[in-house]
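In case you want the letters, here they are:
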Amino acid sequence: MVEYQHVTADMSVYRDGSIKLHGPEGFAGMRAAGRLAAAILDALVEKVVPGVTTGELDVFVREMMLDGGSVPATLGYRGFTHSCCTSINHVVCHGIPANKVLKDGDIVNIDVTPLLDGWHGDTSRMYLVGDVPLKARRLVDVTHECLMIGIGLARPGARLGDIGAAIQAHAEAHRYGVVREFCGHGVGRLFHDAPEVVHAARAGTGPELRPGMFLTIEPMINLGKAPVKMLSDGWTAVTRDKSLSAQFEHSIGITEDGCEIFTLSQTGRDKPPY
């Protein structure tokens, strides 16, 4: 049986396996963290160009987080030593910023999580580098559609499986693969909390959504087959068939009649072309 727990802002730091239900203070905290996260991704639009290195983007993200009064949640997390993840082309997620130079035609996901006043604003977005081929642009478009279809089903009384089933159906209608090895998650004062939010599921299954739940929806969609593999660095996940992969992520809160997207761009730059 799924256990739900009403929490105050301070109590939500404890990981006990229950799904936490937050009140107005939690919504205010996540709103602020989400606005900062979205502003960082907005600011990256002018930075993600051919010739820039992912390491340079990482420095920019870190400086903007610190200037905004937050710290990078990923910096030092389980040994990760950077302020964002940069996943290029066939990298599914958790790409490590380095001296890698972005080239014309690349697609890249940048995943940021500022920790602001104890709340995690977890979000990611795709960027098109220069002149990107049509098949890559179409993959990015469909992946964003998958995200928004899933968010559209996030409301009280729905099941988590409803979200995964809808995402899977839309992606597979385009003959794309849906990654199973990674999923969305509860979020708040904890970076990763219950429940797991899978993106391929059976409708009507999984925990029931209730007002006050905070979670991420972050489908990873492959141009080819679904399976992925881990590289020797222990972080970077890539498609096994080396096909392109795309991902978008929002942090949301379940409200009385739907959901609130905490990480929505205030400038309309939630998907390319920007």
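Look above for the structure.
Going along each chain's sequence as written, the residues are numbered from 1 onward. Per-residue local features are limited, in this predicted model, to residues with pLDDT of at least 70; the limit for side-chain atom pairs, both in listing and counting, is 80 or more; totals at the level of whole chains, interfaces and linings are taken over all residues. The basis for every side-chain value is the complete set of non-hydrogen atoms in the structure, without hydrogens or water.

## A few points about the pattern of salt bridges
Under the convention used in this document: Salt bridge, as applied in this entry: a Lys or Arg side-chain nitrogen positioned within 4 Å of an Asp or Glu carboxyl oxygen. Where helices and strands are cited, they refer to DSSP runs of H or I of at least four residues and of E of at least two residues respectively, numbered from the N terminus. Burial classes: relative accessible area under 20% of the type maximum marks a residue as buried, over 50% as exposed, and values in between as partly exposed (1.4 Å probe, protein chains only).
Inspection of the entire model under this criterion finds nine salt bridges. Across the pair Glu 260 and Arg 31 runs a salt bridge whose closest N-O atoms are separated by 2.6 Å. With a gap of 229 residues between them, Glu 260 in strand 19 (residues 259-261) and Arg 31 in helix 1 (residues 24-43) connect regions that are remote in the sequence. You can call Glu 260 partly exposed: its relative accessible area is 21%. We note a salt bridge from Arg 269 to Glu 46, for which the minimum N-O separation is 2.9 Å. One end of the pair, Arg 269, is in the segment after strand 19; the other, Glu 46, is in the loop between helix 1 and helix 2 (54-67), with 223 residues separating them in the sequence. You can call Glu 46 partly exposed: its relative accessible area is 49%.

## Regarding the packing of aromatic side chains
Threshold: Classification of ring pairs uses Phe, Tyr and Trp, with its six-membered ring standing for Trp, and accepts pairs whose centres are within 6.5 Å; under 30 degrees between planes counts as stacked, over 60 as edge-to-face, and the remaining range as tilted. Only Lys NZ and Arg CZ are tested; either one counts as a charge over a ring when it is within 6 Å of the ring centre and within 35 degrees of the ring normal.
Here the structure, examined in full by the defined rule, presents seven aromatic pairs. Put simply, the rings of Phe 27, Trp 119, Phe 214 and Phe 262 touch in pairs and so form one group of aromatic residues. Note that Arg 210 overlies the ring of Tyr 4, its terminal NZ or CZ placed 3.8 Å from the centroid.

## Quick look at the pairing of strand 13 (residues 214-217)
Quick reminder of the rule: The criterion for strand pairing is that DSSP finds at least two bridges linking the strands in question.
In strand 13, alternate side chains face the same way, and those of Phe 214 and Thr 216 on one face and Leu 215 and Ile 217 on the other are all buried. Bridge count between strand 13 and strand 18 (residues 250-254): four bridges; the pairing is antiparallel. Across the sheet, residue Ile 217 finds its bridge partner in strand 18, namely His 250.

## With respect to the environment of Phe 248
Its location among the elements puts Phe 248 in the loop between strand 17 (245-247) and strand 18. Expressed as a C-alpha distance, the spacing of Phe 248 and Asp 270, which sit 22 residues apart in the sequence, is 8.9 Å.

## A closer look at the side chain of His 170
Heads up, the condition is: Polar contacts, as used here, are pairs of N or O atoms within 3.5 Å; protein pairs need one atom able to donate a hydrogen and one able to accept it. Residues neighboring in sequence count only if both atoms are side-chain atoms. Contacts between residues were defined by any pair of non-hydrogen atoms, one from each residue, lying within 4.5 Å.
Mapped onto the elements, His 170 comes out in helix 4 (residues 160-173). A distance of 2.7 Å separates the side chain of His 170 from the side chain of Glu 145, its partner in a polar contact. Leaving out residues up to four positions away in the same chain, His 170 has contacts with Val 142, Glu 145, Cys 146 and Ile 149.

## Considering unusual backbone geometry
Note that the residue after Ala 194, namely Pro 195, is joined by a cis bond; omega there is 5 degrees. Among the structural elements, Pro 195 can be located in strand 12 (residues 193-197). Following Pro 272, the chain continues into Pro 273 via a peptide bond in cis, with omega recorded as 0 degrees. Looking at where Pro 273 falls in the secondary structure, it is placed in the segment after strand 19. In this structure, Asp 117 is a non-glycine residue whose phi angle is positive, near 50 degrees. Relative to the elements of secondary structure, Asp 117 occurs in the loop between strand 7 (114-116) and strand 8 (119-120).

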